[in-house]
2 protein chains.
Amino acid sequence: MTDILGRHLLVEFYGCQPETLDSVAVIETHMNAAALACGATIVQSTFHRFEPWGVSGVVVISESHLAIHTWPEYGYASVDLYTCGGHIEPLAAYEHLRLMLGAQQAEIQQLQRGNMDDIRSRTPHPNPLHPDLNPAILKGGTFA
Amino acid sequence: MTDILGRHLLVEFYGCQPETLDSVAVIETHMNAAALACGATIVQSTFHRFEPWGVSGVVVISESHLAIHTWPEYGYASVDLYTCGGHIEPLAAYEHLRLMLGAQQAEIQQLQRGNMDDIRSRTPHPNPLHPDLNPAILKGGTFA
């Protein structure tokens, strides 16, 4: 199995409750709860409502970030759940949001970020800041 | 051409300057400049440094968000450039960051978010909050 640094779920929620999608307080509450549901540690959250409608916000977590953008007029929300570390389960955040937003349909794409094989093969020099931690030494690989 | 709400570039930068990736002030400066470079309006930015190294941060823009997570020990940075609106060019933010981080290699995946055909076909009811803006009426489609 390939060693990766992060898991990134790109989620599209359809048929959500428009009132929910248009409330910055409600969306921030659900996003912070989603972060806790997946086992993350919240560093900071920032949410904003736009005129005439729509909310954008991000929860920075110690393990990367969760982001949302809502279009109440379409019942649509676009969500990113990007997590690092084996103790985090981003699908738990997805499931929490699916229920809280009242989504009638959803799509998920799961991507890997920071594939260590790619990092090793594409890093042309050992790391000068932390030479003891450069990928070739850490993973037993060699630099091109 | 399909009507979409957002463009999302997922970028992996390899072989970056470790000192750059480990400075929260430098990363925040470059990310905010990247937002301006692509024509975005900055709403708020939040950046944090982690121990023993690494920076995470997000710039919320009126047109969605830009996010970064850095691994100085690997010379690697993972970047998301998510923009909405025809006046924004996320590739300009990518090019700014590629230069400022000193990336020796990069990969980009470009995804579409909020495909209006999908929204129309997957929204099971007209929107009760803004009935005059429901997708079927807006786009002349019909709900299943």
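In case you missed it, the structure is sitting above this.
Residues numbered from 1 in each chain as written. Chains lettered and ligands numbered in written order. Predicted model: local features only at pLDDT ≥ 70, side-chain atom pairs only at ≥ 80, totals over all residues. Heavy atoms only, no water.

K.L.:
Got a sec to walk through the interface of chain A and chain B? Specific residues and values, please.
P.N.:
The partner chain B presents 58 residues to the 58 residues of chain A that form the contact. Interface area lost by chain A to chain B is led by Tyr74, Arg113 and Arg122 of chain A, which between them contribute 14%. Between the two partners, chain A and chain B, sit six salt bridges. Among the salt bridges present, the one from Glu12 of chain A reaches Arg113 of chain B, with a minimum N-O distance of 2.8 Å. Taken together, the links from chain A to chain B amount to 24 residue pairs in polar contact (both at pLDDT 80 or more). Per-class residue counts for the side of chain A that touches chain B are 28 nonpolar, 21 polar and nine charged. (Contact = heavy atoms within 4.5 Å. Buried area = accessible area lost by both parts, 1.4 Å probe. Salt bridge = Lys/Arg side-chain N within 4 Å of Asp/Glu carboxyl O. Polar contact = N/O pair within 3.5 Å; in protein donor to acceptor, adjacent residues only side chain to side chain. Nonpolar A, V, L, I, M, F, W, Y, C, P; charged D, E, K, R; others polar.)

K.L.:
Describe the pattern of salt bridges, naming the residues involved and giving the relevant values.
P.N.:
All names here are of chain B. Summed over all chains, the structure comprises 16 salt bridges over all chains. A salt bridge links Glu89 to Arg7; the nearest nitrogen and oxygen atoms lie 3.4 Å apart. Here the residue Glu89 occupies a position in the loop between strand 5 (76-84) and helix 3 (90-100), and Arg7 occupies one in strand 1 (residues 4-14), the gap between them amounting to 82 residues. The class of Arg7 is partly exposed, set by a relative accessible area of 22%. (Helix = DSSP H or I, 4+ residues; strand = E, 2+ residues; numbered from the N terminus. Buried < 20%, exposed > 50% of the residue type's maximum accessible area, 1.4 Å probe, protein only.)

K.L.:
Report on the relation of the copies chain A and chain B, specifying residues and quantitative values.
P.N.:
Each copy superposes on the other: chain A lies on chain B with an RMSD of 0.0 Å after a rotation of 180° and an axial shift of 0.0 Å. With respect to symmetry, the two chain copies, as superposed, fit the operation of a two-fold axis. For chain A, the residue whose C-alpha comes nearest the rotation axis is Val58 of chain A, separated from it by 3.8 Å. Looking at chain A, 100% of its interface residues are interface residues in chain B too, so the copies touch through the same face. (Least-squares fit on C-alpha atoms with pLDDT ≥ 70 in both.)

K.L.:
Tell me about the pairing of strand 3 (residues 55-61) of chain A, residues and numbers included.
P.N.:
Residues and elements named next belong to chain A. In terms of burial, strand 3 is a largely internal element, seven of the seven residues being buried. Burial along strand 3 is two-sided: the residues Val55, Gly57, Val59 and Ile61 and Ser56, Val58 and Val60 are all buried. Where strand 2 (residues 42-49) lies against strand 3, seven bridges are found, and the strand directions are antiparallel. Within strand 3, the residue paired with Ile42 across the bridge is Ile61. Between strand 2 and the antiparallel strand that follows it, strand 3, lie five residues; Gly54 among them carries a positive phi value of about 115°. Two elements, strand 3 and strand 4 (residues 64-71), share six bridges in a ladder whose sense is antiparallel. In the sheet register, Val59 faces strand 4, and the bridge partner there is Leu66. Taking the residues between adjacent antiparallel strands as the criterion, strand 3 and strand 4 are bridged by two residues. (Pairing = 2+ DSSP bridges.)

K.L.:
Tell me about the sheet that holds strand 4 of chain A, residues and numbers included.
P.N.:
All names here are of chain A. Strand order in the open sheet formed by six strands is 2-3-4-5-1-6, with antiparallel pairing between adjacent strands. Every interior strand has two partners, whereas the edge strands, strand 2 and strand 6 (105-115), have only one. Here the average twist between neighbouring strands, direction ignored, is 10°. Taken together, the ten bridges between strand 1 (residues 4-14) and strand 6 define a ladder with antiparallel strand orientation. Residue pairing in the sheet places Leu9 in a bridge with Gln110 of strand 6. Against the sheet, helix 2 (residues 24-37) makes contact with strand 2, strand 3 and strand 4, and its axis sits at roughly 155° relative to strand 2, the strand it touches most. Seen against the sheet, helix 3 (residues 90-100) touches strand 1, strand 5 (76-84) and strand 6 and runs at an angle of roughly 15° to strand 1. (Axes fitted to C-alpha atoms, helices over the stretch in contact; angles between N-to-C directions.)

K.L.:
Can you tell me about the environment of Thr70 of chain B, naming the residues and giving the values?
P.N.:
All names here are of chain B. Checked against the element boundaries, Thr70 lands in strand 4 (residues 64-71). Here Thr70 falls in the buried class, since its relative accessible area comes to 6%. Remark: the alpha-carbon pair of Thr70 and Ser56, spanning 14 residues in sequence, is separated by 6.5 Å. Excluding residues within four positions of it along the chain, Thr70 makes contact with Leu21, Ile27, Gly54, Val55, Tyr76 and Ala77. Within the structure, the side chain of Thr70 is placed 2.7 Å from the backbone oxygen of Leu21, a separation counted as a polar contact.

K.L.:
How would you explain helix 2 (residues 24-37) of chain B if you had to name every residue and give the values?
P.N.:
All names here are of chain B. Given a rise of 1.5 Å per residue, 14 residues ought to cover 20 Å, and the 20 Å separating the end C-alpha atoms of helix 2 matches this to within 8%. Residues of helix 2 that are buried include every one of Ile27, His30, Met31, Asn32, Ala34 and Ala35, and no others. The inward-facing, buried residues of helix 2 abut helix 1 (18-21), strand 2 (42-49), strand 3 (55-61), strand 4 and helix 3. Positive phi appears at Gly39, one or two residues downstream of helix 2, with a value of about 90°. (Expected span 1.5 Å × (residues − 1).)

This is a description of form; function is not addressed.
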